[in-house]
Amino acid sequence: VDADVGFHNALVRATHNPVLISVTSSLQDLLIKSREITFRGPPTGATRALNAHRSIYEAVKAKDAEGAASAMHRHLQETLQDIEIAIREGRLEQKL
């Protein structure tokens, strides 16, 4: 969870967008809880997130804005699926 949070925080800081930085900072505790819930699921979710992070990082490193946006969109869709699975499996109630 710490590495995941660190990766997302680094991306947000790299935008130099004060509004995005402020919003993300305000939601930090909620985002951490969300990751704790989804990471308690099948290990494929964590592996998939790591691969997504690698794709996002490589696109940013290559200054490929379209590729980074596409990789981030896929990552968010996969994260949404992980959250939906956590809800169906009752993992949300266990944590909250």
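Residues numbered from 1 in each chain as written. Predicted model: local features only at pLDDT ≥ 70, side-chain atom pairs only at ≥ 80, totals over all residues. Heavy atoms only, no water.

Before going further, it helps to spend a moment on the overall build of the chain. If you tally the helices and strands in the chain, you get six helices and zero strands. In the chain, the succession of α and β elements from N to C terminus is α-α-α-α-α-α. A globule of 96 residues ought to have a C-alpha radius of gyration of about 12 Å, and the chain, at 14 Å, matches this closely. Projected onto the principal axes, the alpha-carbon positions of the chain cover approximately 40 × 25 × 20 Å. Buried residues in the chain amount to 26% of all 96 residues. A sequence separation of at least 24 residues applies to 64% of the contacts in the chain between residues at least 6 apart. When the 12 positive and 12 negative side-chain charges of the chain are each reduced to one mean point, those points stand 3 Å apart. (Helix = DSSP H or I, 4+ residues; strand = E, 2+ residues; numbered from the N terminus. Rg over C-alpha atoms; globule rule 2.2 N^0.38 Å. Buried < 20%, exposed > 50% of the residue type's maximum accessible area, 1.4 Å probe, protein only. Contact = heavy atoms within 4.5 Å. Lys, Arg positive; Asp, Glu negative; His and termini not counted. Charge placed at Lys NZ, Arg CZ, Asp CG, Glu CD.)

Moving on, we get to the packing of helix α1 (residues 2–15) against helix α2 (residues 18–26). Here α1 crosses α2 at 155°, and the two axes come no closer than 7 Å. One element, α1, and the other, α2, form an angle in the roughly antiparallel class. Pair α1 / α2 crosses with left-handed handedness. For the pair formed by α1 and α2, the contact residues are N9, V12, R13 and T15 on the first element and L20, I21 and T24 on the second. Of the residues in the contact of α1 with α2, the class split is three nonpolar, three polar and one charged. (Axes fitted to C-alpha atoms, helices over the stretch in contact; angles between N-to-C directions. Parallel < 35°, antiparallel > 145°, perpendicular 65-115°, else oblique. Left-handed = near helix turned anticlockwise from the far one by under 90°. Nonpolar A, V, L, I, M, F, W, Y, C, P; charged D, E, K, R; others polar.)

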